[in-house]
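# Overview (structure and organization)
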Amino acid sequence: MKKLFLSLAVAMIATMAFAEKQTVRLYIPGMECAGCQAKVENVLNHEKGVKSFTITLDERIAEIIYDDEKTNVETLQAALEKYLKFKSMPLRKHNTSCSQCGSANGEHKGCNHQGCNHDKH
């Protein structure tokens, strides 16, 4: 019996070791007011794998910390669109300046220009 319990404990610890917390910053253009923010919070509170989040309403950004074993960015975006009809896009950071959008080494909302050197963030 002790061996069974020990084996189960080791298996649980090993499983937990592989799950990692990830962070994504989503730009949500449709989130325009405090009521919209409350609706986004409600959706995120009910999504499996969401550990925590902060919302900056004036920038329309939700920073979400999630368990990558239980959810992913696409699932979070799909939930916002399904329940609120809010499209969202992950923010990216420029490594170099972009002549098309004018952003230099900073966050830009959805830049897909050729020639930009992005790191997903």
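Keep in mind it's a predicted model, so treat the numbers as computed, not measured.

### Remarks on the overall build of the chain
- Across its full length, the chain carries three helices and seven strands.
- Surface accessibility of the chain: about 8300 Å² in total, with carbon and sulfur atoms responsible for 52%.

### Remarks on the confidence of the model for the chain
- Predicted confidence across the chain gives a mean pLDDT of 80, with 60% of residues reaching 70 or more.
- Below a pLDDT of 50 lies the segment residues 113–121, which in the model reaches 23 contacts outside its immediate sequence neighbourhood of four places, other chains included.

### Re the packing of helix α2 (residues 34–46) against helix α3 (residues 73–84)
- Two numbers describe how α2 lies on α3: the axes approach to 10 Å, and their chain directions differ by 125°. With respect to their mutual orientation, α2 and α3 come out oblique. The element α2 and its partner α3 pack so that their crossing is right-handed. Of the residues in α3, those in contact with K39, V40 and V43 of α2 are A79, L80, Y83 and L84.
- Taken together, the residues of the contact of α2 with α3 break down into six nonpolar, no polar and one charged.

### Re the side chain of Q77
- Residue position: Q77 is located in helix α3.
- Q77 gets classed as buried once you look at its relative accessible area, which sits at 19%.
- Leave out the neighbours within four places in its chain, and Q77 touches L26, S88, M89 and P90.

Parameters at a glance
Residues numbered from 1 in each chain as written. Predicted model: local features only at pLDDT ≥ 70, side-chain atom pairs only at ≥ 80, totals over all residues. Heavy atoms only, no water. Helix = DSSP H or I, 4+ residues; strand = E, 2+ residues; numbered from the N terminus. Areas by Shrake-Rupley, 256 points an atom, 1.4 Å probe, with all protein chains shown as cover. pLDDT = per-residue confidence, 0-100. Contact = heavy atoms within 4.5 Å. Axes fitted to C-alpha atoms, helices over the stretch in contact; angles between N-to-C directions. Parallel < 35°, antiparallel > 145°, perpendicular 65-115°, else oblique. Left-handed = near helix turned anticlockwise from the far one by under 90°. Nonpolar A, V, L, I, M, F, W, Y, C, P; charged D, E, K, R; others polar. Buried < 20%, exposed > 50% of the residue type's maximum accessible area, 1.4 Å probe, protein only.

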